[in-house]
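# Observations on chain architecture
Okay, here's what each chain looks like letter by letter:
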Amino acid sequence: MNRMNLLTYLDESWRIQRIEHVQMKGERRRLAGCNARLGVHGKEVRFPLVRITIGGMTGFGWSRITREQAAALIGTPVREIFSEEQWIHDRYLNLQFPLFDWLGKVRNQPVYELLTGGLAISPLKVPCYDTSLYFDDLHLSSERDAVRLLQEEAMQGYNEGFRAFKIKVGRGAMHMDLEEGTKRDIAIVNGIREAVGPECKLMIDANNGYNLNLTKRVLTETASSQLSWIEEAFHEDDSLYRNLKEWMREQQLNVLITDGEGHAAQPIVDWAEQGLIDAIQYDLLDYGIVKWIKLGERLARSGVHAAPHHYGVFYGNFASAQAYPAIPGFMSVEWDEAQIPGIDASGYAIRDGVVTLPSTPGFGLHLDEAYYEGKVRESGWTV
């Protein structure tokens, strides 16, 4: 099915009957430390899980919808929600993840088949990377001990099936002395390369903790580790990007520049189309699948990659993987491994650097309904 015949499959009598909301909480496999601009991220993960009932069938997913907004949607005919031009009309995009899950179940298709008109091969396999390598070493005075700790963490991911790793850098921006922190960044990157071997992909993320000169130094001293990308080296600035790009060409460093995760500068997509940025990283959940498909199509015309961000909410792992084949130029799915009681994600399996998706309808997650309904009664809301 594609968008052009979407409405022919929807019963005109179907309306939004119920919307339920609660914060779901769980834990990562280990505590996540600091990054260049924030303190300890912790072990807990949480996300707002919304379940919607239409025509007696349910779909669930991440949503920031408020109770007031939800109440205003009760009774909305389903044919007013979905669009042949962009899947879901703008007014309902704050419910797009539950709606895509519902639509997949109605059509008995995984979301990735739904979004691609059945063109994606099932079972779908997509590349992913371990995003868990934070500043977990700040309590250690020895650089050698710090390197050893991060090597052990990287190998934990390797043994879980990951073959690509994103490493947080920028220790000297706030948490350590500038020189000592920069040296440790470099030593840890090179140490992780030594641990995981030459075939794995390594990326670094400075969370805007570097300046131009520090970026050049770190790229120079990690050149032997053959980084795939540097993310958010400094806050978006086209003059600095242009300088960095020219310098990288002179140094023959084939490292991609990625940005756009946080409060992205307004013209960042224009700068990417000018060749100053290699991949855009807008958050997949807040920006949404519908807008990402449009943006990916635009970026692809200029050869710019897509690298949607998400972190700390569990659900983004699976939403990103399902959206992967529908977004042109999508490089790799960010994966923040965690477990949340009440949600069974066992249909997803990571091996040799790729995640295999389940062929079950919707997003392929199983919700323990009794557990969820208990949580809604305890601390959520229903309209």
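The name that an unreviewed UniProt entry assigns to the protein is L-alanine-DL-glutamate epimerase, with the source organism given as Paenibacillus barengoltzii J12. UniProt's Cofactor (unreviewed entry) comment on the protein is quoted here verbatim: "Mg(2+)".

### Points about the overall build of the protein
Counting its secondary structure elements, the protein contains 13 helices and 19 strands. Radius of gyration (C-alpha) of the protein: 21 Å, near the 21 Å computed for a compact globule of 383 residues. Judged by the C-alpha coordinates and their principal axes, the protein covers about 65 × 45 × 35 Å. Buried positions account for 58% of the 383 residues belonging to the protein. Here the contacts in the protein between residues at least 6 apart in sequence split such that 72% fall between residues at least 24 apart. Only carbon and sulfur atoms are counted for the fraction: they give 46% of the accessible area of the protein, which is about 15,900 Å². Within the protein, one finds 40 positive and 52 negative side-chain charges whose respective centroids are separated by 2 Å.

### Quick look at the pairing of strand β3 (residues 57–62)
Looking at chain direction, strand β2 (residues 42–54) and β3 are connected through six bridges and run antiparallel. Within β3, the residue paired with isoleucine 52 across the bridge is glycine 59. Turn length for the β2-β3 hairpin, with the two strands adjacent in sequence and antiparallel, is two residues, and the turn residue glycine 55 shows positive phi of about 55°.

### Considerations on unusual backbone geometry
The general pattern is negative phi for most residues beyond glycine and trans for most peptide bonds. The phi dihedral of asparagine 108 is positive, around 60°, even though this residue is not glycine. Structurally, the position occupied by asparagine 108 is in the loop between α3 (96–107) and α4 (111–116). Although it is not a glycine, asparagine 208 sits at a positive phi angle of roughly 65°. Within the element layout of this structure, asparagine 208 appears in the loop between β8 (201–205) and α7 (212–221).

### Comments concerning the state of the cysteines
According to the stated counting rule, one finds zero disulfides in the structure shown. Lacking any disulfide linkage, cysteine 200 is separated from the closest cysteine sulfur, that of cysteine 128, by 11 Å. Judged by its relative accessible area of 5%, cysteine 200 falls in the buried class.

### Section: the side chain of glutamine 86
Along the chain, glutamine 86 falls in the loop between β4 (82–83) and β5 (87–88). A polar contact is formed between the side chain of glutamine 86 and the side chain of lysine 294, at a distance of 2.5 Å.

### Describing helix α11 (residues 289–300)
Compared with the 16 Å implied by 1.5 Å per residue over twelve residues, the 16 Å span of α11 between its first and last C-alpha is a close match. For α11, every residue scored as buried is listed here: Ile289, Val290, Trp292, Ile293, Leu295, Gly296 and Leu299.

### Section: the UniProt feature "domain: Mandelate racemase/muconate lactonizing enzyme C-terminal" (unreviewed entry) in the protein
In this structure's numbering, the residues bearing the UniProt feature "domain: Mandelate racemase/muconate lactonizing enzyme C-terminal" (unreviewed entry) are residues 143–248. As a span, residues 143–248 carries 54% helix and 12% strand, and end to end its C-alpha atoms are 28 Å apart.

### Some words on the packing of aromatic side chains
Under the definition given, this model contains 21 aromatic pairs. Ring centres 5.6 Å apart and planes at 25° place the aromatic pair phenylalanine 47 and tyrosine 315 in the stacked group. Here phenylalanine 47 is found in strand β2, whereas its partner tyrosine 315 is found in helix α12 (residues 315–323), with 268 residues between them in sequence. A single burial state applies to phenylalanine 47 and to tyrosine 315, both of which are buried. Centre to centre, the rings of tryptophan 62 and phenylalanine 97 are 6.0 Å apart; their planes meet at 85°, and the pair counts as edge-to-face. Here tryptophan 62 is found in strand β3, whereas its partner phenylalanine 97 is found in helix α3, with 35 residues between them in sequence. Under the relative-accessibility criterion, tryptophan 62 is labelled buried at 6%. We classify phenylalanine 97 as buried; its relative accessible area is 1%. Following the ring pairs from residue to residue traces out a cluster consisting of Phe47, Trp62, Phe97, Phe314, Tyr315, Phe318, Trp335, Tyr348 and Phe363. Geometry around tyrosine 158 places arginine 163 over its ring, the cationic atom sitting 3.6 Å from the centre.

Definitions and cut-offs
- Residues numbered from 1 in each chain as written.
- Predicted model: local features only at pLDDT ≥ 70, side-chain atom pairs only at ≥ 80, totals over all residues.
- Heavy atoms only, no water.
- UniProt positions renumbered as here; feature names shortened; annotations may be inferred.
- Helix = DSSP H or I, 4+ residues; strand = E, 2+ residues; numbered from the N terminus.
- Rg over C-alpha atoms; globule rule 2.2 N^0.38 Å.
- Buried < 20%, exposed > 50% of the residue type's maximum accessible area, 1.4 Å probe, protein only.
- Contact = heavy atoms within 4.5 Å.
- Areas by Shrake-Rupley, 256 points an atom, 1.4 Å probe, with all protein chains shown as cover.
- Lys, Arg positive; Asp, Glu negative; His and termini not counted.
- Charge placed at Lys NZ, Arg CZ, Asp CG, Glu CD.
- Pairing = 2+ DSSP bridges.
- Disulfide = S-S within 2.5 Å.
- Polar contact = N/O pair within 3.5 Å; in protein donor to acceptor, adjacent residues only side chain to side chain.
- Expected span 1.5 Å × (residues − 1).
- Phe/Tyr/Trp six-rings, centres within 6.5 Å; stacked < 30°, edge-to-face > 60°.
- Lys NZ or Arg CZ within 6 Å of the ring centre and 35° of its normal.

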